[in-house]
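Survey of secondary and tertiary structure
If you want the building blocks of each chain, they are given just below.
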Amino acid sequence: MTLRKGHIWTASKLDFLEEYLPAFQLACQAFWRSGHSNTYYVDGFAGPGQNTINSQIRAGSPLIAAHITPPFKHYFLVEAKMAAHAQLLQNLGEPGLAAVRPQIDVRRGNFNQEVDSILAQLRGGLPAFFFLDPEGLELEWETVRKIGQRARADLFILISGSGVLRCSAPSMPGHHDSVTRFYGHERWRQVLHGEALDTASQAGKKRFETAVELYVEGLTGLGFTHVDQFLIATNSRNADLHALVFASKNGTAVKIARHVLKKLDKNRRGDQQPLFPG
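Residues numbered from 1 in each chain as written. Predicted model: local features only at pLDDT ≥ 70, side-chain atom pairs only at ≥ 80, totals over all residues. Heavy atoms only, no water.

1. A look at the environment of Ser-160
- Within the secondary structure, Ser-160 is located in the loop between β8 (154–159) and α6 (161–168).
- Not counting the four nearest positions on each side in its chain, Ser-160 is found in contact with Gly-136, Leu-137, Leu-241 and His-242.
- Of the polar contacts made by the side chain of Ser-160, one reaches the side chain of His-242; its length is 3.5 Å. (Helix = DSSP H or I, 4+ residues; strand = E, 2+ residues; numbered from the N terminus. Contact = heavy atoms within 4.5 Å. Polar contact = N/O pair within 3.5 Å; in protein donor to acceptor, adjacent residues only side chain to side chain.)

2. Observations regarding the pairing of strand β4 (residues 56–59)
- Pairing of strand β3 (residues 50–53) with β4, which is carried by 4 bridges, proceeds in the antiparallel orientation. Along β4, the bridge assignment pairs Thr-52 with Ile-57.
- Two successive antiparallel strands, β3 and β4, enclose a turn made up of 2 residues, where Asn-54 displays a positive phi of approximately 50°. (Pairing = 2+ DSSP bridges.)

3. Some remarks on the environment of Phe-224
- Mapping Phe-224 onto the fold places it in the loop between α9 (200–221) and β9 (226–234).
- Exposure remark for Phe-224: the relative accessible area of 0% places this residue in the buried category.
- As a C-alpha pair, Phe-224 and Leu-155 span 69 residues in sequence and 9.3 Å in three-dimensional space.
- Residue contacts for Phe-224: discarding those within four places in its chain leaves Gly-148, Ala-153, Leu-155, Leu-219, Ala-247, Ser-248 and Lys-249. (Buried < 20%, exposed > 50% of the residue type's maximum accessible area, 1.4 Å probe, protein only.)

4. Examining helix α7 (residues 176–183)
- Taken across its 8 residues, α7 has 6 buried, putting it largely inside the fold.
- Of the residues trailing α7, Gly-184 is marked for its positive phi of about 85°.

5. A short note on the side chain of Arg-150
- By the secondary structure assignment, Arg-150 is in the loop between α5 (141–148) and β8.
- For the buried Arg-150, no salt bridge is present, and the opposite-charge side chain at shortest range is Asp-154, 9.3 Å distant.
- Here Arg-123 takes part through its backbone oxygen, which lies 3.4 Å from a polar atom of the side chain of Arg-150.
- If sequence neighbours within four positions are ignored, Arg-150 has contacts with Leu-119, Leu-122, Arg-123, Gly-124, Gly-125, Leu-126, Ala-128, Phe-130 and Lys-249. (Lys, Arg positive; Asp, Glu negative; His and termini not counted. Salt bridge = Lys/Arg side-chain N within 4 Å of Asp/Glu carboxyl O.)

6. Concerning the nonpolar core
- Membership of the largest hydrophobic core comes to 44 residues, with the highest contact counts inside it found for Phe-111, Phe-130, Leu-155, Tyr-183, Tyr-215 and Leu-219.
- With 7 residues, the single largest contributor to this core is α9.
- If near-sequence neighbours (up to four positions away) are discounted, Leu-155 is found in contact with Phe-130, Leu-132, Val-144, Ile-147, Leu-219, Phe-224, Val-245, Phe-246 and Ala-247.
- Core analysis: the second largest hydrophobic core is formed by 38 residues, Ile-68, Leu-88, Phe-156 and Leu-244 among them. (Core = buried A, V, L, I, M, F, W, Y, C linked by side-chain atoms within 4.5 Å.)

7. Let's talk about the packing of α6 against α7
- Where α6 contacts α7, the two axes come as close as 8 Å, and the packing angle between them is 140°. Considered as vectors, α6 and α7 are oriented oblique to each other. By crossing handedness, the relation of α6 to α7 is classed as left-handed. Residues Val-164, Cys-167 and Ser-168 of α6 pack against His-176, Ser-178, Val-179, Phe-182 and Tyr-183 of α7.
- Considering only residue class, the contact of α6 with α7 consists of 5 nonpolar, 3 polar and no charged. (Axes fitted to C-alpha atoms, helices over the stretch in contact; angles between N-to-C directions. Parallel < 35°, antiparallel > 145°, perpendicular 65-115°, else oblique. Left-handed = near helix turned anticlockwise from the far one by under 90°. Nonpolar A, V, L, I, M, F, W, Y, C, P; charged D, E, K, R; others polar.)

8. Re the pattern of salt bridges
- Per the stated rule, a full pass over the model turns up 13 salt bridges.
- We note a salt bridge from Arg-58 to Asp-15, for which the minimum N-O separation is 2.6 Å. One end of the pair, Arg-58, is in strand β4; the other, Asp-15, is in helix α1 (residues 8–32), with 43 residues separating them in the sequence.
- Of the residues examined, Arg-58 reaches a relative accessible area of 22% and is grouped as partly exposed.
- Between Asp-116 and Lys-146 there is a salt bridge whose closest N-O contact spans 3.0 Å. You can see Asp-116 sitting in helix α4 (residues 111–120) and its partner Lys-146 sitting in helix α5, a full 30 residues away along the chain.
- Ionic contacts of the salt-bridge type, sharing partners, join the residues Asp-15, Glu-18 and Arg-58 into one network.

9. Considerations on the layout of surface pockets
- There is about 300 Å³ of room inside the second largest pocket.
- Taken together, 18 residues line the second largest pocket, and the ones lying closest to its centre are Phe-45, Glu-79, Ala-80, Lys-81 and Glu-138.
- Mapped by element, the contributors of at least two residues to the lining of the second largest pocket are β5 (74–79) and α4. (1 Å grid on protein atoms, 1.4 Å probe; cavity = no way out; pocket = protein on both sides within 12 Å on 5 of 7 lines; lining within 4 Å. Points joined across faces, edges and corners; volume = space filled by probe spheres on them.)

Structure, rendered in structure tokens:
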């Protein structure tokens, strides 16, 4: 069995999806005043459908979305790795998903290459939720730009700030093109290499924040009027790794996200990192 290895902050992402997606669906259902939800779910880096977190197996984002009630109008799940793709297909074959399975389009490939075909199948004006959770800098800015052209698109996206800092280092020139594709411009060189800070730890923290803020700036430029940073994932040495960002052109969607995250924070132990920084 192929499982995606997760960390404690992976559980936080999944907690969010389990709470947010049903609320998103009900809000859309009420808006359209229909007995079903005219909504789409797109998972660009779907994985095998299951995660192992602290030796416990937990449903991943595609299975969480597939079990949501009311279901989405259509699901698009993309996974590049052969073993993970095969496992995802197997997991989606469980009897409990028989009713919704015909609505699920599972693709093996690079999301950056699949996005045009997916977007062409989304009816204009209908809400679409994009869960974009790459392992590093695989998600290209041109892909995000295309998504941003939709009038109704909500993004829950992982930004690998540590990956940016590692690949943008002057000692790593072979990886600089990937950083450019990630941001969609060369300005990152001036921004990330122009920091003048007092200590190494301060520099690392500040440069991480700058890397994330530069990406958020780009999302705002695409017309996402509501962009919130939520969880900042750290390692055992308390070094920042990733930022989870929610972006929407709809204030209601962000209100739902904030409500969900504050609710989750109330249920977290005192030693756990808060999800909602505000």
